[in-house]
Amino acid sequence: MTAQTSRAVQRGILGALLLIGLWEGIARGLSLPAYILPAMSDVLLGVWSKRTMLGEAAAYTLAEALLGYVLGALAGIGLAVALTLLPQIRGFVVTAVTAVNSVPVVAYSPLILLWCGIGLASKVVMVALAVSFTLFLSTLAGLDRVDRRSIDLMRSFGAGRLALLWRLRLPTALPLILAGLRVSTVRSIIVAIVTEMLGAYGGLGWVIYQAVLQIDFVQVWSAIVVASAASLLFFGLVGLAERRLLFWKAS
């Protein structure tokens, strides 16, 4: 671990501790009821007492998010690469994709649940749909960042479209692709949880929905805390991979 990464981790831990202390002080100091804001100590106690159930729910949600994340990333990056190789259809495809994504992705949840059921498949499809658009835009922007003079130089040496893509466009686009992958981590968790709340057999979204029906607001916040921890872990792992791959920027 580099000194810069170590300092970032220390700042993150300090920020989390300050947030927990502030949360506890406000909830206790103002004697807020649980349905407004339960004390953090009660929430953490709820996480510990329900750790087995919340752990299983988190694993279920992460499985949905990871599968959808991988499929969405492959679809988004693949489509952007295809349009780079086939510029004739770019205008039509970009317009169509933008039109589909002009509607919030959650609005498609009822249809996806109807078509794919309330099991794992519908959550994976929803996450893939959300992630693919983000990766499509970031990859397309990265592939377009290539200096025209570099393209002309490589073509003068006989490089074709595939050679330009592999040796010039993809390396140039890598920072934006990795940034899109990092941003999509949190989005994948959010979409999975929201879709679970509309219909599921398990997961953190299902736990939150059931806790609301039972008027158990401490459990609602316990599930939210676990979801936040899972999102931060996912985000941190992808961020670490990004720093390793873009080692020249980290130095």
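Not measured: the values here are computed from a predicted model.

*Asks:* It is not clear to me how the UniProt feature "domain: ABC transmembrane type-1" (unreviewed entry) in the chain should be interpreted in this structure. Could you clarify?
*Replies:* In the numbering used here, UniProt assigns the feature "domain: ABC transmembrane type-1" (unreviewed entry) to residues 58-242. The span residues 58-242 is 84% helical and 0% strand by assignment, and the distance between its end C-alpha atoms comes to 24 Å.

*Asks:* Is there a simple way to think about the packing of aromatic side chains in this case?
*Replies:* When we look at a pair of aromatic rings, we describe it by the centre distance and by the angle of the planes. Using the criterion set out here, one finds three aromatic pairs in the structure. The lysine or arginine in question, Arg51, covers the ring of Trp48, its NZ or CZ lying 4.0 Å from the ring centre.

*Asks:* What is the right way to look at helix H5 (residues 109-116) in this model?
*Replies:* The periodicity of an α-helix, 3.6 residues per turn, causes residues three or four positions apart to be oriented the same way. Restricting attention to buried positions, one finds in H5 the residues Ser109, Ile112 and Leu113. Looking straight down H5, one finds its buried side chains confined to an arc of 100°; they lie on one side. The exposed set on the far side of H5, more than 90 degrees from its buried face, consists of Pro110, Leu114 and Trp115. Of the surrounding elements, those touching the buried residues of H5 are helix H6 (120-143) and helix H8 (161-198). Phi for Gly117, located one or two positions after H5, is positive at around 85°.

*Asks:* Sorry if this is basic, but what is going on with unusual backbone geometry here?
*Replies:* Leaving glycine out, the prevailing phi sign among residues is negative, and the prevailing peptide bond configuration is trans. A positive phi angle is found at Ser31, which is not glycine, with a value near 50°. Take Ser31: it is sitting in the loop between helix H1 (3-29) and helix H2 (40-49). At Ile215, a position not held by glycine, the phi torsion is positive, near 55°. Tracing the backbone through its elements, the reader meets Ile215 in the loop between helix H9 (204-213) and helix H10 (217-245).

*Asks:* Would you take a moment to explain the side chain of Ser184 for this structure?
*Replies:* Looking at the element boundaries, Ser184 is found in helix H8. Among residues more than four places away in sequence, those in contact with Ser184 are Tyr69, Val131, Thr134 and Leu135.

*Asks:* Before we go on, may I ask you to explain H2 in this structure?
*Replies:* Among all positions of H2, only Met40, Val43 and Gly46 are buried. For H2, the angular spread of the buried residues around the axis is 120°, confining them to a single face. Opposite its buried face, H2 presents the exposed residues Leu45, Trp48 and Ser49, each directed more than 90 degrees away.

*Asks:* Hey, could you run me through the side chain of Thr84 in this one?
*Replies:* Mapped onto the secondary structure, Thr84 falls in helix H3 (residues 51-85). Reaching out from Thr84, the side chain makes a polar contact with the backbone oxygen of Ala80 at a distance of 3.0 Å. Once residues lying within four places of it in the same chain are set aside, the contact partners of Thr84 are Leu140, Leu143 and Arg169.

Cut-offs applied
Residues numbered from 1 in each chain as written. Predicted model: local features only at pLDDT ≥ 70, side-chain atom pairs only at ≥ 80, totals over all residues. Heavy atoms only, no water. UniProt positions renumbered as here; feature names shortened; annotations may be inferred. Helix = DSSP H or I, 4+ residues; strand = E, 2+ residues; numbered from the N terminus. Phe/Tyr/Trp six-rings, centres within 6.5 Å; stacked < 30°, edge-to-face > 60°. Lys NZ or Arg CZ within 6 Å of the ring centre and 35° of its normal. Buried < 20%, exposed > 50% of the residue type's maximum accessible area, 1.4 Å probe, protein only. Arc of directions from axis to C-beta. Contact = heavy atoms within 4.5 Å. Polar contact = N/O pair within 3.5 Å; in protein donor to acceptor, adjacent residues only side chain to side chain.

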